[in-house]
Amino acid sequence: MDVDREDYRQNQVSIQRSLSPVQRASSVPHRLPHFTVGYVYSQDMMLHSSATGEHPEQPERISRIRTAIRDANLLQKMKQIPIRPVKRDEVLLVHSQEHWHKVLAIQSMTPSEIFESEAYYESLSLYVTSGTTRAARLSCGGVIEACLAVARNELKKTFAIVRPPGHHAEPEEHMGFCFFNNVAVAAKVTQFLTPVRKILILDWDVHHGNGTQRAFNDDPSVLYISLHRYERGQFYPCGPFGSMESCGEAAGLGYSVNIPWPKKGMTDADYIHAFQQIVMPIGMEFAPDLVIISAGFDAAVGDDLGECFVSPAGYAHMTHMLSGLAGGKLVVALEGGYNLDSISNSSLAVARVLLGEAPPELPPMVASEAGTETVWQVAMEQSKYWKSVNPKACEPREEVDEISFSIPEILKGHRQHFLYTQYQMLQVPLMTKMFEERFGSQVMCTNDFLENPTIIVFVHEFGNLRIELDGKPTCDVQMENSYLIDFSKELISWIMKEKYALLDVNVFPRPFASPLPRGHKHVESWTRDVLTYLWDNYIQLSGAKNIVFIGHGPGCHALMELMESRPVGMIRYVNTVIQVVGNISIPLIPKDADELRAWYSKNSVVIVHPEHPAFAPEARILKRHGRVLQIDESKPIKLIMKGLPLIQEYVRQSLVGKPQ
């Protein structure tokens, strides 16, 4: 927008007066310290509805998202942020005064005027009703309030469940289902009212956010990154503005990053590849104070407008990576997405990550030829402006080696080698093809396992970096590996000294190269089945009179499932169960298992850190959780090292007076 300096100065003065904290009491939340995540929502945004009810930008988009989050029992963990309409002086930070009046005038249109103007608005890919103005003002005001709540440190993360969307709205024109540019206005207001100066806007809507890039095209304080279908400028909003060569202008040159997909059908692998090679390196080099996701879900599987195949897990992983920037200050603002099932499932996956859950496991995948070629070309363009972008690292290869290993497999293989060479531990054979494919070489035992009267069973998920890194954007693999190796050294040295046997079980499964067989569709079923197999075929048939289970991280839930499936054997043979939970939820004994619950409450120790969600004001520790103890260490893998003396003491106590 071309505004002379005096007009801009007057706008700044006006907004400072109208947006003072005293006059904006609605933006000041009730301070509830146990809430770290919030959301914005109002049914009034559903007043914007097409006369035929057949338009893809339909009111149910937001209600279905809210319902999905509520039905997953997540809404109660989020603070509802009061919503309010955007104000004139806020809008004028991005849009012209003429544009403000144009949108405001819609609310005064008669039914006949709306009917007569239908062709005009259709030419802009819009529809209008008597409720359009209020919905558009609430949508924009809602994103502002979501951003301010994070920028003022009142909340860590927020989700603005709003409509109509905004990223196509340009300074002078509404278009593409958008009236005000919600994210652009919110970013400007946030910079004006809070200490936040540098903002990263990541736009993963399948369409280029032409309005958002236009708003900041010459502004180096806002980094705009967009992943979108481009197809040589033939895909909406069309034209060259979304090309990879469109990198900003003047002082903002290099602060617009476009990753333009050349075709439909892009997948999780393509998006994750772009994140790893372009988005995260540039994001880390830019070092924003706040991250805003323009979260359109029209690239999701099932969306007929986007025709791409990004899964809910894919969106969760992208959110997870972005959470590692700006100290975790993250705002998700809804943009497009028109398949109600796809948008609600994808939004739910994002909400889970906002609330601290690890993203779901993704299968092995490789970016497409079109994806790798695009990312390489973008890297060559952006390397002119960003030192962290390395085109050579993402140059497409003519031939891909058939033999490749993931980082988790390398870590697990190294640990197996360590246990064999240092302690002469042996690999336990698994007699089914499925178990061997998923867990082969991941179950090790000392050579006296079948004869020793005392067995320590250590169940863990070493190599699961999603759990260990807890959302960090970088990883020192050597450091992460050394923690568990160091713990293994101390644990095994102690076990050898005490003359116990050790069964080491890594329940982090390898992914199948082929689809999962019927009846085993989830990782949890495999971890349960392999532990049950080991119990039935090795542990129970050994000569052990004393059995101690030690679970770490997700291995704790696997142990709980074993106890549920073999309660009689647990009560009869197991001395104690020690669970080092870390950041995951504390597993529970089933309500109807009275005998097992009574035994577990007396013979268990659950180790967590003091900031675990179980100690939040609204949470409650139950007898079914077992005996819960706190250790002051938040990093999961270090927690077990710090708790080793406590573990040793409880093992000794459980064996007092028992035959050895």
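Residues numbered from 1 in each chain as written. Predicted model: local features only at pLDDT ≥ 70, side-chain atom pairs only at ≥ 80, totals over all residues. Heavy atoms only, no water.

An unreviewed UniProt entry annotates the chain as histone deacetylase originating from Suillus subaureus. The chain has a UniProt comment under Sequence similarities (unreviewed entry) that states "Belongs to the histone deacetylase family. HD type 2 subfamily." As its UniProt record puts it under Catalytic activity (unreviewed entry), the chain is described as follows: "N(6)-acetyl-L-lysyl-[histone] + H2O = L-lysyl-[histone] + acetate". (UniProt positions renumbered as here; feature names shortened; annotations may be inferred.)

Caption draft 1: Inspection of the environment of glycine 328 at higher detail. Tracing the chain through its elements places glycine 328 in the loop between helix H11 (312-322) and strand E8 (330-334). When the C-alpha positions of glycine 328 and leucine 354 are compared, they lie 9.5 Å apart, and in sequence the two are 26 residues distant. Other than its neighbours up to four places away in sequence, glycine 328 contacts Lys156, Lys157 and Ser323. (Helix = DSSP H or I, 4+ residues; strand = E, 2+ residues; numbered from the N terminus. Contact = heavy atoms within 4.5 Å.)

Caption draft 2: Summary view of the side chain of threonine 194. Position of threonine 194 among the secondary structure elements: in the loop between helix H8 (182-193) and strand E4 (199-203). In this structure threonine 194 comes out as buried when scored by relative accessible area, which is 5%. When neighbours within four sequence positions are excluded, threonine 194 is seen to be in contact with Leu148, Ala151 and Arg152. (Buried < 20%, exposed > 50% of the residue type's maximum accessible area, 1.4 Å probe, protein only.)

Caption draft 3: Spotlight on the pairing of strand E5 (residues 222-229). Within E5, eight of the eight residues are buried, leaving the element largely enclosed by the surrounding structure. Because side chains alternate across E5, one face comprises the buried residues Val222, Tyr224, Ser226 and His228, and the other comprises Leu223, Ile225, Leu227 and Arg229, equally buried. Both E4 and E5 contribute to a ladder of five bridges, which runs parallel. Looking across to E5, one finds that aspartate 203 is bridged to serine 226. Looking at chain direction, E5 and strand E6 (residues 256-261) are connected through six bridges and run parallel. Among the inter-strand pairings, arginine 229 is bridged to a residue of E6, identified as tryptophan 261. (Pairing = 2+ DSSP bridges.)

Caption draft 4: Seen up close, the environment of valine 257. Checked against the element boundaries, valine 257 lands in strand E6. What valine 257 contacts, discounting residues up to four positions off in sequence, is Leu223, Tyr224, Ile225, Ser226, Ile278, Ile282, Val378, Gln382 and Trp386.

Caption draft 5: Seen up close, the pattern of salt bridges. Per the stated rule, a full pass over the model turns up 20 salt bridges. We note a salt bridge from glutamate 381 to lysine 384, for which the minimum N-O separation is 3.1 Å. Owing to a relative accessible area of 12%, glutamate 381 belongs among the buried residues under this scheme. Owing to a relative accessible area of 56%, lysine 384 belongs among the exposed residues under this scheme. (Salt bridge = Lys/Arg side-chain N within 4 Å of Asp/Glu carboxyl O.)

Caption draft 6: Structural detail: the nonpolar core. Core analysis: the largest hydrophobic core is formed by 116 residues, its most contacted members being Ile69, Trp204 and Leu322. Per element, the largest residue contribution to this core is eleven residues, and it comes from helix H7 (residues 132-151). Ignoring anything within four residues of it in the chain, the contact list for isoleucine 69 reads Leu74, Leu75, Met78, Phe159, Ile161, Leu348 and Ala351. Judged by nonpolar contacts, the second largest core, of 46 residues, contains Cys445, Val457, Ile547 and Ala558. (Core = buried A, V, L, I, M, F, W, Y, C linked by side-chain atoms within 4.5 Å.)

Caption draft 7: Focus on the sheet that holds strand E12 (residues 501-506). A sheet is described by the order of its strands in space; here eight strands give the open sequence E9-E10-E12-E11-E13-E14-E15-E16, paired in mixed fashion. Each of the sheet's edge strands pairs with one partner strand only, and the pair in question is strand E9 (426-427) and strand E16 (628-630). Of the strand pairs in this sheet, strand E10 (residues 443-445) and E12 are connected by three bridges, and their pairing is antiparallel. Note on E12: the bridge partner recorded for methionine 444 is aspartate 504. Docked against the sheet, helix H21 (residues 594-603) engages strand E14 (574-582) and strand E15 (604-608), running at close to 75° with respect to E14. Most of the contacts of helix H23 (residues 644-655) go to E14, to which it runs at about 165°, and overall it touches strand E11 (454-460), strand E13 (546-552), E14, E15 and E16. (Axes fitted to C-alpha atoms, helices over the stretch in contact; angles between N-to-C directions.)

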